[in-house]
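# Summary of the model geometry
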Amino acid sequence: MELGADDYITKPFSGTELLNAVDGRLKKIDALMHDLSPDLNGLANLIHTSTGKDVMQLFTSGRNINKFKKKQIVYTEGNHPNRLYYVIKGKVKAYKINEDGKELVTELFSPGDFLGHIALLEGNVYNDTTEALEETDLAVIPKEDFDELLNNNPEIVKKFIQLLAKNISAKENQLLGMAYSSLRRKVADALLRMQEKYGQEKTKDFVIDISRDSLATIAGTATESLIRTLGDFRTEKLIDMQNGCIKIMNENKLRTLLN
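Because the structure is a prediction, the values reported are computed rather than measured. (Residues numbered from 1 in each chain as written. Predicted model: local features only at pLDDT ≥ 70, side-chain atom pairs only at ≥ 80, totals over all residues. Heavy atoms only, no water.)

## Quick look at the environment of Asp128
Using the following cut-off: We count a stretch as a helix when DSSP gives it H or I for four or more residues in a row; a strand needs E for two or more, and each element gets its number in order from the N terminus. Any two residues having at least one pair of non-hydrogen atoms within 4.5 Å are treated as being in contact.
Positionally, Asp128 belongs in the loop between α4 (117–122) and β7 (129–132). For the pair formed by Asp128 and Glu77, sequence separation is 51 residues and the distance between their alpha carbons is 4.4 Å. Apart from residues no more than four positions distant in its own chain, Asp128 is found in contact with Tyr75, Thr76, Glu77, Ala94, Tyr95, Lys96 and Thr106.

## Regarding the sheet that holds strand β4 (residues 92–97)
Test applied: When DSSP finds at least two bridges between two strands, those strands are taken to pair. Think of each axis as a best-fit line through the C-alpha atoms, taken over the contacting stretch in the case of a helix, with angles from 0 to 180 degrees between the N-to-C directions.
Taken in spatial order, the 4 strands line up as β2-β7-β4-β5 in an open sheet, and their pairing is antiparallel. A single partner strand is all that each edge strand has here, and the edge strands are β2 (73–75) and β5 (103–109). If you compare each strand with its neighbour and ignore which way they point, the axes differ by 35° on average. Strand direction decides the pairing type here: β4 and β5, joined by 6 bridges, are antiparallel. Paired with Ala94 across the bridge in β5 is Glu107. Against the sheet, helix α8 (residues 183–198) makes contact with β4 and β5, and its axis sits at roughly 30° relative to β5, the strand it touches most. On top of the sheet, helix α9 (residues 212–219) reaches β4 and β5; it is set at about 90° to β5, its chief contact.

## Regarding the pattern of salt bridges
Note the cut-off: Whenever a carboxyl oxygen of Asp or Glu lies within 4 Å of a side-chain nitrogen of Lys or Arg, that contact is scored as a salt bridge. Throughout this description, buried means an accessible area under 20% of the type-specific maximum (1.4 Å probe, protein chains only), exposed means over 50%, and partly exposed covers the range between.
For the structure shown, the criterion picks out 10 salt bridges. Two residues, Glu77 and Lys96, come together in a salt bridge whose shortest N-O distance is 3.1 Å. Residue Glu77 is found in the loop between β2 and β3 (83–89), and its partner Lys96 is found in strand β4; the two are separated by 19 residues along the sequence. Under the relative-accessibility criterion, Glu77 is labelled partly exposed at 35%. On the basis of relative accessible area, Lys96 is assigned to the partly exposed category, the value being 32%. The partner of Glu134 in a salt bridge is Lys91, and the shortest N-O contact between them spans 2.9 Å. Here Glu134 is found in the loop between β7 and β8 (136–142), whereas its partner Lys91 is found in the loop between β3 and β4, with 43 residues between them in sequence. Its relative accessible area of 28% is what places Glu134 among the partly exposed residues.

## Some points on the packing of aromatic side chains
Where we set the bar: Only rings of Phe, Tyr and Trp enter the pairing, Trp through its six-membered ring, and a pair is recorded when the two centres are within 6.5 Å. The plane angle decides the type: under 30 degrees is stacked, over 60 is edge-to-face, the rest tilted. Both a distance and an angle decide whether a charge sits over a ring: NZ of Lys or CZ of Arg must be within 6 Å of the ring centre and within 35 degrees of the ring normal.
Evaluated as defined, the whole model comprises 3 aromatic pairs. Measuring from ring centre to ring centre gives 4.6 Å for Tyr86 and Phe114, while their planes differ by 65°; the resulting arrangement is edge-to-face. Of the two residues, Tyr86 sits in strand β3 while Phe114 sits in strand β6 (residues 114–115), which places them 28 residues apart along the sequence. An identical accessibility class is assigned to Tyr86 and Phe114; each is buried. Geometry around Tyr198 places Lys91 over its ring, the cationic atom sitting 5.2 Å from the centre. In this arrangement the basic side chain of Lys93 is found over the ring face of Tyr95, its NZ or CZ atom lying 5.3 Å from the centre.

## So, the sheet that holds strand β1 (residues 64–68)
An order of β1-β8-β3-β6 is seen for the 4 strands of this open sheet, with the pairing classed as antiparallel. The open sheet has two free edges, formed respectively by β1 and β6, since each of these has just one partner strand. Sitting on the sheet, helix α5 (residues 143–152) is in contact with β3 and β8, with an inclination near 65° to β8.

## Some points on the confidence of the model for the chain
The cut-off we apply is this: What pLDDT conveys is the predictor's confidence in a given residue, as a value from 0 to 100.
Scored by pLDDT, the chain has a mean of 78; 72% of the residues are at 70 or more. Averaged pLDDT values for the elements of the chain fall to 45 in helix α3 (residues 56–60) and rise to 95 in β2. Long-range and interchain partners of residues 35–39, a stretch whose pLDDT sits below 50, account for 15 contacts in this model, where long-range means more than four residues apart. Across residues 51–61, where pLDDT falls below 50, the model places 21 contacts with residues more than four positions away in sequence or in other chains.

## Regarding α8
Heads up, the rule is: The length a helix should cover is 1.5 Å for every residue beyond the first.
Along its 16 residues, α8 runs 23 Å from first to last C-alpha, staying within 8% of the 22 Å computed at 1.5 Å per residue. Lys186, Val187, Ala188, Ala190, Leu191, Leu192, Arg193, Met194, Gln195 and Tyr198 are the residues of α8 that are buried.

This is the structure we're talking about:
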């Protein structure tokens, strides 16, 4: 168990006992993930489920909610972190600038996501810059409170890191795709990522409302190339565009471009 096992049963055991043990572990994992809601109660449920103790009162008491306008910077690459951010409402992008001044979007954040955790966990400076894509509300958690939570709750450390690191593989695949994918594939991937990230309610009326410049940085291509490709997609009836907003009309066919 000290090496990381989740559970064990001793011999002899029946098939029913084995299935019950597995079922119990799966239900606990499901409870951990299901209870995460897009507000600070999500982390409260995570803590309570993992430890049986309600320590969220200390963690969130008197917490400030900072409001950011569209295009306002949350934190800047190279600065030292002194707080953890939690998205209550809105959209945020993380990006890096290369030597030629070209912007590359590395991650997208929506309600329920944390910002700045990597720098805090590493004890290092921010490795990217984050900017609000629209009016956004962020809960601000001081570094001292974050450190106290990690130091006093070993089980939470494990679950918290698992939760925050789950997108590493996706980010690697994204950067690999930007480097080697065709233009059509890059644009298709960017559109589908936006829908998956911000269209959680899966409503038929969901549209991608973002500037062409920002969408181009997410796709990793020039704005002119993006606009030309969007025009092609519209002609092929893969998307529709009204008043600057993009609506995916044929998701299945758009996904075939990723293969």
